[in-house]
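# Summary of structural features
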Amino acid sequence: MRIRLDINNKAHRQRIKYVVCDYVMSNLAWFAFNCVRYQMGAVVGWQTLGQYLTSNIVLLGQLIFPLMMMVTYIFSGYYNNVVRKSRVQELLTTAASATINTLLIFFAALINDVVGVRTNDYELILILWMLLFGFVYFARAIITNVASNQIKSRRWTFPTLIVGSGSAALAFADKLNNRRYSTGYEIKGFVNIPGENPVKGNPLPCYELDELPEVCREESIWELIVVPSRDDTTQTMNAINKLFRLGLPIMISPDRFNMMQTPVRISDIYGEPLVNISRSSMSDSGKNIKRALDVLVSFVALILLIPVYAIVALIIKRTSPGPVLYLQERIGLHNKPFKIIKFRSMVQNAEVEGKPQLSSDDDPRITPFGRFMRKYRIDELPQFWNVLKGEMSLVGPRPERKFYIEQLLPLVPAYALLHQVRPGITSMGMVKFGYAKTIDEMLERVKYDLMYLNNMSLLNDIKILIYTIKIVFTGRGM
């Protein structure tokens, strides 16, 4: 584990560098702005600059505003990935953060400044933006440049496995190793995709898919690159689906990505143009805000719905024998199983010998009150606890059982991509299609979930939530 721990330590130190420098530079920028603010006559009541800078209100602002800026930096997603940063993305993210912080500070502290000419207000705001951007970006650029040089010179490498063992995989590895400037990949071996013919004489080890969990631990693998030599979509997608459970970045070349029948999103332009299929199209800032909203809404909902939970639980106990809650294993983020929580809407032991069975409108296993709960989606309310735990999101593809996933994958290989995001209490598939009663209907619903995946945004999440609320109150849940 020495190599992986070393890389994790480097990444951890890199994140600390960014955080500390951002905080220090934000303090310096705010201090410099207060100096400019005083010299421009925007504040009155102090005879000297020293008196102003040591006043209680300025000292309090020196404590509060840099912390407020740090919150913006966190939600911007800048600290999500601290290695292999894009210079352009870094520039744009820093500029956007400076803009947001400038507006927040203006409405919180500057709007009442005493400035005689309106153009001076605009000048003051521009100066604040330039200071916030300039100080922070200067430090960030230095840290990023040092890390980039370490990667290029091969002093900082990332243990990587190539999923594929044919001639295409070997050629791709040679291409990476023969680059003048390293992109950080340190190829530790290859992984055989069923149906491929491994190239003989390969100096690196060739592993089987079932060996990957142990190999990734022992070799401290950081990334996986999928380079199949055959156009066997089913075998490749089955292999990719097994990779999600490892929780590692999964990359694939654009020319092979078309087998998934979904838009290409290039993740690296400077190095090899690889597509990261282990992350959604949503930006890092969007992911952070989405998760924060998930936690906030689910926490509030769990508290406000306590009376509803109590009433529903009492009715379930009085109308049918068995437990109030029903736990069922589903497959979630990174293909990992979790227990989804529902109010029990069927009779106890509804599935004979545990064999999965889809329900229908006239399913005799559904209790009378269970039918009412399903109509208004009341049975889904306990899943706010799954959201709070991080197993689910408010909006996302609906999680399925492994039994049905194994039937869907050969028919829709792109289904494997749904495991790159948290499943949701509601989804575009549930809003547009509803409950699936057969495998064919599940296939139709999957199309909507894949459409959601390719168009993930906070705005679309809000739209889906609004439609879900409409469905609940109109009783169109079944």
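Structure: see above.
Residues numbered from 1 in each chain as written. Predicted model: local features only at pLDDT ≥ 70, side-chain atom pairs only at ≥ 80, totals over all residues. Heavy atoms only, no water.

### Some words on the overall build of the protein chain
Helix and strand content of the protein chain: 17 helices and 10 strands. The dimensions of the protein chain, computed from C-alpha atoms along their principal axes, are 85 × 70 × 35 Å. Classification of the 478 residues of the protein chain by burial places 49% in the buried group. Of the contacts formed within the protein chain by residues at least 6 apart in sequence, a portion of 72% connects residues at least 24 apart. (Helix = DSSP H or I, 4+ residues; strand = E, 2+ residues; numbered from the N terminus. Buried < 20%, exposed > 50% of the residue type's maximum accessible area, 1.4 Å probe, protein only. Contact = heavy atoms within 4.5 Å.)

### As for the packing of aromatic side chains
Working definition: an aromatic ring pair is given by the centre-to-centre distance plus the angle between the planes. Under the criterion given, the structure shown has 15 aromatic pairs. Ring geometry for Tyr 18 versus Tyr 78: centroids 5.1 Å apart, planes at 85°, classification edge-to-face. On the criterion of sequence distance, the pair formed by Tyr 18 in helix H1 (residues 2-39) and Tyr 78 in the loop between helix H3 (56-75) and helix H4 (87-110) is long-range, its members being 60 residues apart. We note that Tyr 18, like Tyr 78, is buried. Relative to Phe 65, the ring of Trp 30 lies with its centre 4.7 Å away and its plane at 50°, an arrangement referred to as tilted. Placement of Trp 30 in helix H1 and of Phe 65 in helix H3 is noted, with a sequence separation of 35 residues between them. (Phe/Tyr/Trp six-rings, centres within 6.5 Å; stacked < 30°, edge-to-face > 60°.)

### A few points about the side chain of Ser 182
Tracing the backbone shows Ser 182 in the loop between helix H6 (167-177) and strand E2 (185-192). Polar contacts involving the side chain of Ser 182 include one to the main-chain amide nitrogen of Gly 184, which spans 2.9 Å. Dropping the residues within four chain positions of it, Ser 182 is found in contact with Ile 151, Lys 152 and Arg 154. (Polar contact = N/O pair within 3.5 Å; in protein donor to acceptor, adjacent residues only side chain to side chain.)

### Some remarks on the pattern of salt bridges
Evaluation of the coordinates by the stated rule reveals 10 salt bridges. Of the charged contacts in the structure, one is a salt bridge between Lys 389 and Glu 391, with a shortest N-O distance of 3.3 Å. (Salt bridge = Lys/Arg side-chain N within 4 Å of Asp/Glu carboxyl O.)

### Brief notes about the pairing of strand E7 (residues 325-331)
It is a general feature of regular strands that their side chains alternate between the two faces of the sheet. Alignment of E7 against strand E8 (residues 337-343), held across seven bridges, turns out to be antiparallel. Paired with Ile 331 across the two strands is Pro 337, which belongs to E8. Counting the residues in the hairpin turn of E7 and E8 gives five residues, including His 334, whose phi is positive at 60°. (Pairing = 2+ DSSP bridges.)

### Here we look at a nonpolar patch on the surface
Judged by side-chain polarity, Val 71, Phe 75, Ile 289, Leu 293, Leu 296, Val 297, Phe 299, Val 300, Ile 303, Leu 304 and Ile 306 come together as a nonpolar surface patch covering roughly 950 Å² of accessible area. Mapped by element, the contributors of at least two residues to the nonpolar patch are H3 and helix H10 (284-304). Inspection of the secondary structure puts Val 297 in helix H10. Val 297 gets classed as partly exposed once you look at its relative accessible area, which sits at 36%. (Patch = residues over 30% accessible without salt bridge, like charges linked within 9 Å, V, L, I, M, F, W, Y side chains within 5 Å. Areas by Shrake-Rupley, 256 points an atom, 1.4 Å probe, with all protein chains shown as cover.)

### Focus on the sheet that holds strand E3 (residues 206-208)
Ordered in space as E3-E2-E1-E4-E5-E6, the six strands form an open sheet in which the pairing is mixed. One side of each edge strand has no neighbouring strand; the edge strands of this open sheet are E3 and strand E6 (275-276).

### Concerning H6
Think of an α-helix as 3.6 residues a turn; residues three or four steps apart then line up on the same face. Looking at H6, one finds that the buried residues are Ala 169, Phe 172, Ala 173 and Leu 176. Projected down its long axis, H6 carries its buried residues within an arc of 100°, all on one side. For H6, the secondary structure elements touched by its buried residues are strand E1 (158-163), E2 and strand E4 (223-226). (Arc of directions from axis to C-beta.)

### Thoughts on the packing of helix H14 (residues 402-411) against helix H16 (residues 439-454)
Running from N to C, H14 and H16 cross one another at 65°; their axes reach a closest spacing of 11 Å. Comparing the axis directions of H14 and H16 gives the class roughly perpendicular. With respect to the hand of their crossing, H14 and H16 are arranged in right-handed fashion. Listed contacts from H16 to Tyr 404, Gln 407, Leu 408 and Leu 411 of H14 are Ile 439, Met 442, Leu 443 and Val 446. Here the contact of H14 with H16 is built from residues that sort into seven nonpolar, one polar and no charged. (Axes fitted to C-alpha atoms, helices over the stretch in contact; angles between N-to-C directions. Parallel < 35°, antiparallel > 145°, perpendicular 65-115°, else oblique. Left-handed = near helix turned anticlockwise from the far one by under 90°. Nonpolar A, V, L, I, M, F, W, Y, C, P; charged D, E, K, R; others polar.)

### Focus: the environment of Asp 210
The topology assignment puts Asp 210 in the loop between E3 and helix H7 (212-218). According to the relative accessible area criterion, Asp 210 is exposed, its value standing at 68%.

### Some thoughts on the packing of H3 against H4
It is at 10 Å that the axes of H3 and H4 come closest, and there the two elements cross at 140°. As summarised for this structure, H3 and H4 are arranged oblique, according to the angle between their axes. H4 is crossed by H3, and the crossing has right-handed handedness. Along its contact with H3, which presents Phe 65, Met 68, Met 69, Thr 72 and Tyr 73, the element H4 presents Ser 97, Ile 100, Asn 101, Leu 104, Ile 105, Ala 108 and Ala 109. Classifying every residue of the contact of H3 with H4 by side-chain character gives nine nonpolar, three polar and no charged.

### Some words on the nonpolar core
Core analysis: the biggest nonpolar cluster contains 68 residues, and Leu 161, Leu 224, Leu 243, Phe 343 and Phe 384 have the highest contact counts within it. For this core, the element with the most residues is H16, which contributes six residues. Beyond its immediate stretch of four places on either side in the chain, Leu 161 contacts Lys 188, Gly 189, Phe 190, Val 191, Tyr 207, Leu 212, Val 215, Cys 216, Ile 221, Glu 223, Leu 224 and Ile 225. (Core = buried A, V, L, I, M, F, W, Y, C linked by side-chain atoms within 4.5 Å.)

### Details of the environment of Gln 383
Along the chain, Gln 383 turns up in the loop between helix H12 (368-375) and helix H13 (384-389). Sequence spacing of Gln 383 and Leu 394 is 11 residues, and the spatial spacing of their C-alpha atoms is 9.0 Å. Ignoring sequence-local partners within four residues, the contact set of Gln 383 consists of Ile 340, Ile 341, Lys 342, Met 392, Arg 398 and Ile 425.

### Some words on the environment of Thr 183
Looking at the secondary structure, you find Thr 183 in the loop between H6 and E2. Between the C-alpha atom of Thr 183 and that of Asp 362, which follows or precedes it by 179 residues, the distance is 58 Å.

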